[in-house]
Amino acid sequence: MKIFVVNAGSSSLKYQLIDMENEQMLCKGLCERIGVSGVITHKAADGRVYTAETLMPTHSEAFEAVVYALTESEAKVIDSFDEISAIGHRTVQGGVDFTNSCLITSEVIEKMREWSVLAPLHNPANILGIEACIKTFGKDIPQVAVFDTAFHQTMEPKAYMYALPYRYYEQYKIRKYGFHGTSHRFVGGRAQELLGKEHSKIITCHLGNGCSITAIKDGKCVDTSMGLTPLDGFMMGTRSGTLDPSAITYIAEKENLSPADVDRIVNKESGVYGISGVSNDNRDVEAAANAGNERAKLAIDMQRYQILKFIGSYIAAMNGVDAIVFTGGIGENDSKLREYVCDNLKFVGVEIDKEKNAVRGKEIKISTNNSKVSVYIIPTNEELAIARDTLEIISK
Ligand code: AMP
């Protein structure tokens, strides 16, 4: 059985086709510049590549280009789209209405539309992707929504409420929702399997372009670092993470900034990039730090320290920890960051094997046999998680 996984952005469309017999990816691709011009890059798992510039006024034309790539191009992987059993969509904000993945119906699309106020960039784009799929592939093929926020819906009010006047929660649903849920669930579930025990306290660190850390007790999220939006938590490539809100009002007054200006500054001009002035990519910033750039060094130091503090607070929140998981581009590759974090957690019994920690991007336990806490690198695979959910839902 083959599952088609879609991640639709406002002007882009990422996809993968996964064979669920062996959970192998058959191909992946990306349509870009939708609404402007249109270009598709399609890669089969055996290395064949197809690229084309083709007009994509809407997501529907993008899907038509994808069908051609999948079934007719020099990198084709199937003969007909009929071979595909279902479509799984990465969807972002499901609010309190979606605690699990679900079959997409018109009611689901309506609910997603309602939650768009809290995810104005993501939800409308996800809906465009779903509606274009219906238009291109018809209503008979089942489609499943896998929400980024769903896994975090098990948080208790004491974890998800902000200490603002209560009416903002009642009127505007202002609270913590958390993001990257599909990734945290995927790597957290795998860590639980590796630990081999039913009751577990796991901290998952998804460290990529966007970063978040989640505390998972007995398989359920108890707290997570991202909040109302994916800006909250600790510093990321270009996002500030948590800061004193007074800093915002002060700067806004001083420079006469609009809410949109402030939004841009904290989302696009801050974080590792804002501090270092070098790049939003940790590799460039580390290289600059090693070459003596003081601001680059400060950015790296700040990011590591903030990650450590979040992990420490989640150990306290769960009254202990059995496993810590690193994932995402930085989590899977940056051995120095892992070493810093783990060395500073010796007081709770974390001990890592420096040789194993030198491994990059593959699943491995990097803690020693004596370590009281298991530490893993577990590469995330959100597309596979979406495909698994999709299969489970259509099999019911
Ligand atoms: P992701 O969003 O998960 O694809 O992660 C992307 C980020 O991973 C990049 O911006 C880099 O900062 C980071 N990254 C990738 N490889 C390395 C590496 N070898 N060392 C440090 N950071 C890395």
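Remember, it's a predicted structure, so these values are computed and weren't measured experimentally. (Residues numbered from 1 in each chain as written. Predicted model: local features only at pLDDT ≥ 70, side-chain atom pairs only at ≥ 80, totals over all residues. Heavy atoms only, no water.)

Undergrad: Please clarify how the site of the ligand should be interpreted in this entry.
TA: As a matter of local geometry, the ligand sits amid Gly-208, Asn-209, Asp-281, Asn-282, Arg-283, Glu-286, Gly-328, Gly-329, Ile-330, Asn-333, Asp-334 and Arg-360. Expressed as a share of its isolated accessible area of 500 Å², the protein-covered part of the ligand is 75%. Residue assignment for the shell around the ligand shows that the elements contributing at least two residues are α10 (282-290) and α12 (328-333). Considering each element in turn, the shell around the ligand owes the most residues, four residues, to α12. (Near = heavy atom within 4 Å. Areas by Shrake-Rupley, 256 points an atom, 1.4 Å probe, with all protein chains shown as cover. Helix = DSSP H or I, 4+ residues; strand = E, 2+ residues; numbered from the N terminus.)

Undergrad: Help me out: how do you make sense of empty space enclosed by the protein in this one?
TA: Over the atoms, a rolled probe matching the size of one water molecule traces out where space is still vacant. With the rule as written, the count across this model stands at one cavity of 30 Å³ or more. One number sums up the size of the largest cavity: a volume of about 40 Å³. For the largest cavity, the full set of lining residues is Met-161, Tyr-162, Leu-164, Pro-165, Tyr-166, Tyr-168, Tyr-169 and Ile-174. The class makeup of the residues in the lining of the largest cavity is eight nonpolar, no polar and no charged. (1 Å grid on protein atoms, 1.4 Å probe; cavity = no way out; pocket = protein on both sides within 12 Å on 5 of 7 lines; lining within 4 Å. Points joined across faces, edges and corners; volume = space filled by probe spheres on them. Nonpolar A, V, L, I, M, F, W, Y, C, P; charged D, E, K, R; others polar.)

Undergrad: Hey, could you run me through the layout of surface pockets in this one?
TA: Considered as a void within the structure, the second largest pocket measures approximately 670 Å³ in volume. Taken together, 30 residues line the second largest pocket, and the ones lying closest to its centre are Phe-151, Arg-185, Phe-186, Asp-389 and Glu-392. The set of elements that each furnish at least two residues to the lining of the second largest pocket consists of β8 (143-147), α6 (181-195), β11 (220-224) and α15 (382-395). If you tally residues by element for the lining of the second largest pocket, the top one is α6, at eight residues.

Undergrad: Teacher, can you tell me more about the nonpolar core here?
TA: One broad trend across soluble globular proteins is that nonpolar side chains are buried collectively. Formed by 34 residues in total, the largest nonpolar core has its most connected members in Ile-203, Leu-207, Ile-213, Ile-311, Ile-324 and Phe-326. The set of elements that each furnish at least two residues to this core consists of β9 (201-207), β10 (211-217), α11 (294-318), β12 (323-327), α13 (335-343) and β14 (374-377). No other element matches α11, which puts seven residues into this core. Those residues in contact with Ile-213 that sit more than four places away from it in its chain are His-184, Ile-203, Thr-204, Cys-205, Asp-223, Thr-224, Ser-225, Phe-234, Ile-307, Phe-310, Ile-311 and Tyr-314. Among the nonpolar cores identified, the runner-up in size contains 29 residues, and Ala-8, Leu-17, Ala-65 and Phe-137 belong to it. (Core = buried A, V, L, I, M, F, W, Y, C linked by side-chain atoms within 4.5 Å. Buried < 20%, exposed > 50% of the residue type's maximum accessible area, 1.4 Å probe, protein only. Contact = heavy atoms within 4.5 Å.)

Undergrad: Would you take a moment to explain the sheet that holds strand β1 (residues 2-8) for this structure?
TA: Sheets are built from strands paired through backbone hydrogen bonds, the pairs being either parallel or antiparallel. If you walk across this open sheet you meet the eight strands as β5-β4-β3-β2-β1-β6-β8-β7, and the pairing is mixed. Taken across any chain shown, the strands that pair with only one partner, and hence form the sheet edges, are β5 (49-53) and β7 (102-103). Relative to β8, strand β6 (residues 84-91) runs parallel, the two sharing five bridges. Bridge assignment links Ile-87 to a residue of β8, and that residue is Gln-143. (Pairing = 2+ DSSP bridges.)

Undergrad: Sorry, what's going on with the environment of Arg-190 here?
TA: Turning to its location among the elements, Arg-190 is positioned in helix α6. By relative accessible area, Arg-190 is classed as partly exposed at 27%. Along the sequence, Arg-190 and Val-325 sit 135 residues apart, while their C-alpha atoms lie 9.7 Å from each other.

Undergrad: Any chance you could explain the sheet that holds β9 here in plain terms?
TA: Reading across from one edge, β11-β10-β9-β12-β14-β13 is the order of the six strands in this open sheet, with mixed pairing throughout. Each end of this open sheet is capped by a strand with a single partner; those strands are β11 and β13 (364-365). α6 contacts β9, β10, β12 and β14 of the sheet and is inclined by roughly 135 degrees relative to β9. (Axes fitted to C-alpha atoms, helices over the stretch in contact; angles between N-to-C directions.)

Undergrad: Can you walk me through the state of the cysteines in this structure?
TA: Disulfides are covalent bonds that connect the sulfur atoms of two cysteines. For the structure on display, the rule yields zero disulfides. With no disulfide of its own, Cys-27 has Cys-31 as its nearest cysteine by sulfur position, at a separation of 11 Å. Residue Cys-27 is classed as buried on the basis of its relative accessible area, which comes to 0%. Cysteine Cys-102 is unpaired, with the sulfur of Cys-133 as its nearest cysteine sulfur at 15 Å. With relative accessibility at 16%, the residue Cys-102 sits in the buried group. (Disulfide = S-S within 2.5 Å.)

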